[in-house]
Amino acid sequence: MIRGISYRILLGALGATLALGSFATTASADIENGKALYTANCVSCHGETGKGDGPVGSALNPPPRDFSKGDFKFDANGDGIPGEDADLLLVLQKGAAAYGGSPLMAPWGHLPESDLNDLIAYVRSLK
């Protein structure tokens, strides 16, 4: 009986830790750095406000994702929950084509993970 209770407590703690994982990444991010990275790397396709209406984005088919909707379709880490910070990080690192998306969303793996986390936090703020 004690083992069963301990097991449930351990699973509950693990679940809470995993759930807070993406929050902790976003909470510790530098939004201003994320905005600067977004401006330098993403605006041309996704637009100033993240609606997918940048000057290059309007010519793309399919059009770039509209970040203002907060709707992210990839479950890149395969945990059954699309759109987590971990999913966005993988898409940024490897590109959308690696997960069945558009090859026009190129990989940004040359940026350090801390910068990508800042970028993710900024993109989430566009919602």
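Each chain has its residues counted from 1, running along the sequence as written. Only residues with pLDDT of at least 70 get local features here, since the model is predicted, and only at 80 or more are side-chain atom pairs given and counted; chain-wide, interface and lining totals rely on the full set of residues. In computing side-chain values, all of the structure's heavy atoms are included and hydrogens and water are not.

Okay, the overall build of the protein chain next. A helix here means a DSSP run of H or I that spans at least four residues, while a strand means a run of E at least two residues long, and both kinds are numbered starting from the N terminus. Helix and strand counts for the protein chain stand at five helices and zero strands. Along the chain direction, N to C, the helices and strands of the protein chain fall in the order α-α-α-α-α. Only protein chains enter the accessibility calculation, which uses a 1.4 Å probe; a residue is then buried when its area is under 20% of its type maximum, exposed when over 50%, and partly exposed in between. By the burial criterion, 33% of the 127 residues in the protein chain qualify as buried. Only heavy atoms matter for contacts: two residues are in contact if any of them lie within 4.5 Å across the pair. Here the analysis covers contacts within the protein chain between residues at least 6 apart in sequence; of these, 43% occur between residues at least 24 apart. Carbon and sulfur atoms make up 61% of the accessible area of the protein chain, which amounts to about 7700 Å² in all. Areas reported here follow the Shrake-Rupley algorithm with a probe of radius 1.4 Å; residue values treat only the protein chains shown as occluding.

Any Phe, Tyr or Trp ring, taking Trp's six-membered ring, that has another such ring centre within 6.5 Å forms a pair; planes under 30 degrees apart are called stacked, those over 60 apart edge-to-face, and the others tilted. This model, assessed by the stated rule, comprises three aromatic pairs. With 5.3 Å between their ring centres and 55° between their planes, Y38 and Y122 make a pair best called tilted. In this pair, Y38 sits in helix α2 (residues 31-41) while Y122 sits in helix α5 (residues 113-125), placing the two residues 84 residues apart along the sequence. The same class applies to Y38 as to Y122, namely buried. A connected cluster of aromatic rings, assembled from ring pairs, spans Y38, F67, F72 and Y122.

The periodicity of an α-helix, 3.6 residues per turn, causes residues three or four places apart in sequence to face the same way. Counting buried positions along helix α4 (residues 85-94) yields seven of 10 residues, so the element is predominantly enclosed. G95 occupies a position one or two residues after α4 and carries a positive phi of about 90°.

Let's shift gears to the packing of α4 against α5. A fitted line through C-alpha atoms serves as each axis, taken over the contacting stretch for helices, and the angle formed by two N-to-C directions is quoted from 0 to 180°. Where α4 meets α5, the closest approach of the two axes is 10 Å, and the angle between their N-to-C directions is 120°. Considered as vectors, α4 and α5 are oriented oblique to each other. Note on packing geometry: the crossing formed by α4 with α5 is right-handed. Listed contacts from α5 to D85, L88, L89, L92 and Q93 of α4 are E113, L116, N117, L119, I120 and R124. Residues are sorted three ways: Asp, Glu, Lys and Arg are charged, Ala, Val, Leu, Ile, Met, Phe, Trp, Tyr, Cys and Pro are nonpolar, and all the rest, Gly among them, are polar. Classifying every residue of the contact of α4 with α5 gives six nonpolar, two polar and three charged. When describing relative orientation, an angle under 35 degrees is termed roughly parallel and one over 145 degrees roughly antiparallel, while 65 to 115 degrees is termed roughly perpendicular and anything else oblique. In this scheme the crossing of two helices becomes right-handed for a clockwise turn of the near helix relative to the far one and left-handed for an anticlockwise turn of less than a right angle.

Moving on, we get to α2. Among the residues making up α2, those that are buried are G34, L37 and Y38. Buried positions in α2, seen along its axis, are confined to an arc of 100° and lie on one side of it. Exposed side of α2, more than 90 degrees from the buried face: E32 and A40 are the residues found there. Counting of polar contacts relies on pairs of N or O atoms within 3.5 Å, with two restrictions inside protein: one atom must be capable of donating a hydrogen and the other of accepting it, and residues adjacent in sequence are counted only when both atoms are side-chain atoms. Its side-chain oxygen placed 3.1 Å from the backbone nitrogen of E32, D30 serves as the N-cap of α2. Directions are taken from the helix axis to each C-beta atom, and the arc is the one they span.

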